[in-house]
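If you want the building blocks of each chain, they are given just below.
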Amino acid sequence: MSRRLRLGLLTNAPGNTRPGEIPPGDTRGPGNPLAHYARLARLAEAATFDLLFAADALGSDAELGAKPEPITLFAALAAQTEHIGLVPTVSTTFTAPFNLARQLQSLDHLSGGRAGWNAVTSAIGEHNFGDAPLPAHADRYRQGLEHVSVVTRLWDSWRDGSQQGPIDHRGEFYRVAGPLPLPRSPQGRPVLFQAGSSADGQDFAARFAEGVYTAQQTLAGAQRFYRSLKAKTAAAGRDPAGLLVLPGVSTTIGGTEAEARALDAELFEAGYSAQSRIGLERHLAGADLSGLGLDDTVPAGLLPPVHAIQGRQSRYALFRELAVEEGWTLRQLLELQQRSAGHGRAVGSPEQVAERLIEWFRQGGADGFVIMPGQGPGGVEAFTEQVVPILRRRGVFRTEYESTTLRGNLGLPPESAYAAVAPADIARAG
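Basis of the calculations
- Residues numbered from 1 in each chain as written.
- Predicted model: local features only at pLDDT ≥ 70, side-chain atom pairs only at ≥ 80, totals over all residues.
- Heavy atoms only, no water.
- Helix = DSSP H or I, 4+ residues; strand = E, 2+ residues; numbered from the N terminus.
- Buried < 20%, exposed > 50% of the residue type's maximum accessible area, 1.4 Å probe, protein only.
- Contact = heavy atoms within 4.5 Å.
- Areas by Shrake-Rupley, 256 points an atom, 1.4 Å probe, with all protein chains shown as cover.
- Phe/Tyr/Trp six-rings, centres within 6.5 Å; stacked < 30°, edge-to-face > 60°.
- Lys NZ or Arg CZ within 6 Å of the ring centre and 35° of its normal.
- Axes fitted to C-alpha atoms, helices over the stretch in contact; angles between N-to-C directions.
- Parallel < 35°, antiparallel > 145°, perpendicular 65-115°, else oblique.
- Nonpolar A, V, L, I, M, F, W, Y, C, P; charged D, E, K, R; others polar.
- Expected span 1.5 Å × (residues − 1).
- Arc of directions from axis to C-beta.
- Core = buried A, V, L, I, M, F, W, Y, C linked by side-chain atoms within 4.5 Å.
- Salt bridge = Lys/Arg side-chain N within 4 Å of Asp/Glu carboxyl O.
- Polar contact = N/O pair within 3.5 Å; in protein donor to acceptor, adjacent residues only side chain to side chain.
- Pairing = 2+ DSSP bridges.

Scanning the protein chain from N- to C-terminus turns up 14 helices and 13 strands. For the protein chain, with 430 residues in total, the buried portion stands at 54%. Of all intrachain contacts in the protein chain linking residues separated by at least 6 positions in sequence, the fraction that spans at least 24 positions is 76%. Surface exposure of the protein chain reaches about 17300 Å², of which carbon and sulfur atoms provide 51%.

Structure representation (structure tokens):
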């Protein structure tokens, strides 16, 4: 079978609503969270998407709004779907490996082998988990790699239907006896994802990830990231074909390019507020943008070097490059922040959006995409009803599911379900 494009749907896409657009009582409103997410899941599953993806943050973030905890949400959606994968984001910084391994393996069983885990480190949230300061960027990734190692060893504490005994892990950050009180699921164990494009993030992903969610603005940049991550994966002793690179793409779709761009401009004007600047300032390491007009550029002196950032380093690097090296205006940066939170964008007719995805896929910039419909209610329908049929006609996307498990639908080799992150990898990461 020829190489196929993989598709995920971000269930809490930026720009998914406009003020006053959702009528009271509509399933898309905040008072009906399960009905809202179940509707998205059904639409994506009918279009044979590979997975639903839920981002998360553990600090107070007004941009995220009211949003359920991802594992709990996907446990509910497992009962309302049959084929689509369920990939929650869970932080390694603020969770215990044993509890998380048990929760995710439970989700994998409840869904019949459709669970994944987007393993991330946290750049905020320390004030909600005690008084200890947030570890430095590199330290968070070192801790994260040990966390993932413990979780995968717990998943591997069952073989051939039998419990294998304690894992007796004693590391720098964790002491875990094990074993896990759950056998393997139909797909072996959940599929491991990672989100983060910094050097530390790439090294982190290269050692274990089977899918990477990344923010890329241009095809050339996406190709560089793709080559870099695949090379790091090979250097870590893994087959690069077992890692799928899935950039996020925010879509605004109209009957014509002019209609799509007019809608995009309308959405920006309707959603722009002081909160938009606050969100951009957060991506730019707290830079004070209050004195700038929308058509001004951001002075380079306001922005520290990337290596000095201990928060979301890769996202800061992206916005800093656009501001300093590309000379983007404040308006352009705000549009990017507001419409896609820094991810790539596709604005145009259904044919243009499909062509953009196909070009990146065929030119070595992606193995697939996490779609982030950015045009309010109806954005998911616009993509599934207008773009997916074009992708199918062009022969790059499936017409039906190939498997009952997430691992099978992603085309991942079965042996990856039995390759735990080795303790030696933790030593190399240090």
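Let us look at the packing of aromatic side chains. Applying the stated criterion across every chain yields a total of 9 aromatic pairs. A ring pair is formed by Phe 53 and Phe 193, whose centres lie 6.4 Å apart and whose planes are at 75°; its orientation type is edge-to-face. Separated by 140 residues along the polypeptide, Phe 53 in strand 2 (residues 51-54) and Phe 193 in strand 9 (residues 191-195) bring together distant segments of the chain. Pair check on accessibility: Phe 53 and Phe 193 agree, each one buried. Taken together, the ring pairs connect Phe 53, Phe 193 and Tyr 213 into an aromatic cluster. Lying across the ring of Trp 360, Arg 356 places its NZ or CZ 3.8 Å from the centre.

Before going further, it helps to spend a moment on the packing of helix 1 (residues 33-46) against helix 12 (residues 379-393). It is at 10 Å that the axes of helix 1 and helix 12 come closest, and there the two elements cross at 10°. Between helix 1 and helix 12, the interaxial angle falls into the category roughly parallel. Contacts between helix 1 and helix 12 involve Arg 39, Leu 40, Leu 43 and Ala 46 from the former and Val 380, Glu 381, Thr 384 and Arg 392 from the latter. Grouping the amino acids of the contact of helix 1 with helix 12 by side-chain chemistry returns 4 nonpolar, 1 polar and 3 charged.

Between the first and last C-alpha of helix 3 (residues 97-110) there are 20 Å, a value that for 14 residues agrees with the 20 Å anticipated at 1.5 Å per step. By the burial criterion, the buried members of helix 3 are Pro 97, Leu 100, Ala 101, Leu 104, Gln 105, Leu 107 and Asp 108. Taken down its axis, helix 3 places every buried residue within 155° of arc, on the same side. Residues of helix 3 that are buried make contact with helix 2 (70-78), strand 3 (85-91), strand 4 (116-120) and helix 4 (137-155). The positive-phi residue at the C-terminal boundary of helix 3 is Gly 112, with phi of around 75°.

Turning next to the nonpolar core. Soluble globular proteins tend to bury their nonpolar side chains together. Among the nonpolar cores identified, the biggest contains 44 residues, and Leu 7, Phe 49, Leu 52, Phe 369, Phe 383 and Leu 391 are the most heavily contacted of them. Per-element tally for this core: the top contributor is helix 12, with 7 residues. Every residue in contact with Phe 369, bar those within four places of it in the chain, is listed here: Leu 5, Arg 6, Leu 7, Gly 8, Leu 246, Pro 247, Val 249, Arg 356, Leu 357, Trp 360 and Phe 361. If you look at the next biggest cluster of nonpolar residues, it comprises 30 residues, including Val 150, Leu 180, Leu 192 and Val 245.

To continue, consider the pattern of salt bridges. As a working rule, side chains carrying opposite charge can pair if their charged atoms are close by. All chains considered together, the criterion is met by 15 salt bridges. The salt bridge involving Asp 203 is made with Lys 232; its shortest N-O contact spans 3.1 Å. Of this pair, Asp 203 sits in helix 5 (residues 199-208) while Lys 232 sits in helix 6 (residues 219-235), placing them 29 residues apart in sequence. In the salt-bridge network here, residues are joined through shared partners; they are Arg 3, Lys 230 and Asp 367.

You can see Arg 207 is positioned in helix 5. Counting along the chain gives 27 residues from Arg 207 to Ala 234, while the straight-line C-alpha distance between them is 9.3 Å. Among the polar contacts listed, one links the side chain of Arg 207 to the backbone oxygen of Asp 203, at a separation of 3.0 Å.

Across the 11 residues that make up helix 10 (residues 330-340), a large majority, 8, are buried. Those residues of helix 10 not exposed but buried are Leu 330, Leu 333, Leu 334, Leu 336, Gln 337, Gln 338, Arg 339 and Ser 340. Of the residues trailing helix 10, Ala 341 is marked for its positive phi of about 55°.

What follows concerns the pairing of strand 12 (residues 344-348). In terms of burial, strand 12 is a largely internal element, 4 of the 5 residues being buried. As judged from the 5 bridges shared by strand 11 (residues 244-253) and strand 12, these two strands associate in the parallel manner. Bridging across to strand 12, Ser 250 finds its partner in Arg 345.

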